[in-house]
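The chain contents come next:
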Amino acid sequence: TKTSDDADSIVVTTPNASQSWTAGKTYMIKWKKGNAGASVKIYLTKSGKHYKWISKKTTNDGKHQWQIPTTVAAGSAYKIKIVSTKNKRIFDSSNRYFTIKKMPIKVTSPNGGELWKTGETYTILWNKGDGGGNVKIELMESGKVDRVIVRSTINSGRYSWTVSVYVGTGSTYKVKITRTTPAQKTKGDGF
């Protein structure tokens, strides 16, 4: 949405449609530089209102890498707005709203092929997803719960577990991590 009469004004090109981006991941914001001068400021709007600064001053080179903070709320009414720092009447916003979604929890270790021995201690690792909260960690065998490793632990991305001597030998085990607040599940990878 241009307010400048100049046809060579800033034009946001990405995101510029109904795309879906994930909090915690990194994306490239792109625009046509136009006559905005040497630098621009970039911010995120939600439902047409300023929501979060992305950069208060960055080079007007047509691109800006942005890692979406995990604190950004999930929603579908977001736009990127880019404004010239030399003339606030030279700006553009995404043409359509885009969606920001939360990153699901994903087990990263064990992720398949590991050999874990009973009586030994190992570290279960996962990405924290949208951060915060607590998780439940379960040991699955052939798709069924074999045992609860821990009913509730902080969603820190790591948990030290001593494999019970009562766990049977086999290659069909997986670790499953479930958010306890709010509910969000992942089917872990096998080992």
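Relevant structure appears above.
Residues numbered from 1 in each chain as written. Predicted model: local features only at pLDDT ≥ 70, side-chain atom pairs only at ≥ 80, totals over all residues. Heavy atoms only, no water.

Caption draft 1: Region of the structure containing the sheet that holds strand S3 (residues 26-32). The 3 strands are arranged S1-S3-S6 in an open sheet whose pairing can be described as antiparallel. Looking at strand neighbours, the two that pair on one side only are strand S1 (11-14) and strand S6 (63-67), the edges of this open sheet. Pairwise comparison of adjacent strand axes, ignoring direction, gives a mean angle of 30° for this sheet. With 5 bridges connecting them, S3 and S6 associate as antiparallel partners. Opposite tyrosine 27, over in S6, you have tryptophan 66 as the bridge partner. (Pairing = 2+ DSSP bridges. Helix = DSSP H or I, 4+ residues; strand = E, 2+ residues; numbered from the N terminus. Axes fitted to C-alpha atoms, helices over the stretch in contact; angles between N-to-C directions.)

Caption draft 2: Structural context of the environment of glutamate 138. Looking at the secondary structure, you find glutamate 138 in strand S12 (residues 134-141). For the pair glutamate 138 and isoleucine 177, spaced 39 residues apart in sequence, the C-alpha separation works out to 6.5 Å. In this view, glutamate 138 contacts Val145, Arg147, Val148, Ile149, Lys174, Val175, Lys176 and Thr178; residues no more than four positions away in its chain are not counted. (Contact = heavy atoms within 4.5 Å.)

Caption draft 3: Focus on the side chain of serine 39. Summarising the element assignment, serine 39 is placed in strand S4 (residues 39-46). A distance of 2.6 Å separates the side chain of serine 39 from the side chain of threonine 85, its partner in a polar contact. Contacts of serine 39, omitting those with residues within four sequence positions, involve Lys57, Thr58, Thr59, Asn60, Ser84 and Thr85. (Polar contact = N/O pair within 3.5 Å; in protein donor to acceptor, adjacent residues only side chain to side chain.)

Caption draft 4: Main features of the pattern of salt bridges. Counted by the stated rule, this structure contains 3 salt bridges. Two residues, glutamate 138 and lysine 136, come together in a salt bridge whose shortest N-O distance is 3.8 Å. The closest approach of N and O atoms between aspartate 146 and arginine 147, which form a salt bridge, is 2.8 Å. (Salt bridge = Lys/Arg side-chain N within 4 Å of Asp/Glu carboxyl O.)

Caption draft 5: Expanded view of the nonpolar core. Residues Ile29, Leu44, Trp66, Ile80, Ile82 and Ile100 are the most contacted members of the largest nonpolar core, which totals 21 residues. Counting residues per element, the ones that place at least two in this core are S3, S4, strand S7 (75-84) and strand S9 (98-101). Apart from residues lying up to four places away in sequence, isoleucine 82 is in contact with Ile10, Val12, Ile29, Trp31, Val40, Lys41, Ile42, Ile90, Phe91 and Asp92. If you look at the next biggest cluster of nonpolar residues, it comprises 17 residues, including Val107, Leu139, Val150 and Val167. (Core = buried A, V, L, I, M, F, W, Y, C linked by side-chain atoms within 4.5 Å. Buried < 20%, exposed > 50% of the residue type's maximum accessible area, 1.4 Å probe, protein only.)

Caption draft 6: Geometry of the layout of surface pockets. Considering only enclosed or pocket space, the largest pocket measures out at about 240 Å³ in volume. Lining the largest pocket are 15 residues, with Trp116, Gly168, Thr169, Gly170 and Tyr173 positioned closest to its centre. Residues belonging to the lining of the largest pocket are distributed by class as follows: 8 nonpolar, 5 polar and 2 charged. (1 Å grid on protein atoms, 1.4 Å probe; cavity = no way out; pocket = protein on both sides within 12 Å on 5 of 7 lines; lining within 4 Å. Points joined across faces, edges and corners; volume = space filled by probe spheres on them. Nonpolar A, V, L, I, M, F, W, Y, C, P; charged D, E, K, R; others polar.)

Caption draft 7: How the structure looks around the packing of aromatic side chains. Enumeration according to the criterion identifies 7 aromatic pairs in this entry. For the pair tyrosine 78 and phenylalanine 98, a centre-to-centre distance of 6.3 Å together with 45° between the ring planes defines the contact as tilted. Of this pair, tyrosine 78 sits in strand S7 while phenylalanine 98 sits in strand S9, and the two are 20 residues apart along the sequence. What makes tyrosine 78 buried here is its relative accessible area of 0%. Measuring from centroid to centroid gives 6.3 Å for tryptophan 116 and tryptophan 161, while their planes differ by 50°, and the two rings are tilted. Placement of the pair is tryptophan 116 in the loop between strand S10 (106-109) and strand S11 (121-127) and tryptophan 161 in strand S14 (residues 158-162), with a sequence separation of 45 residues. Neither tryptophan 116 nor tryptophan 161 differs from the other in exposure class; each is buried. A network of ring pairs unites the aromatic residues Trp21, Tyr27, Tyr51, Tyr78 and Phe98 as a single cluster. In this structure, lysine 79 packs its charged tip against the face of tyrosine 97, placed 5.0 Å from the ring centre. Stacked on the ring of phenylalanine 91, the Lys or Arg lysine 81 has its end atom at 4.3 Å from the ring centre. (Phe/Tyr/Trp six-rings, centres within 6.5 Å; stacked < 30°, edge-to-face > 60°. Lys NZ or Arg CZ within 6 Å of the ring centre and 35° of its normal.)

Such coordinate-based values are descriptive only and should not be taken to indicate function.
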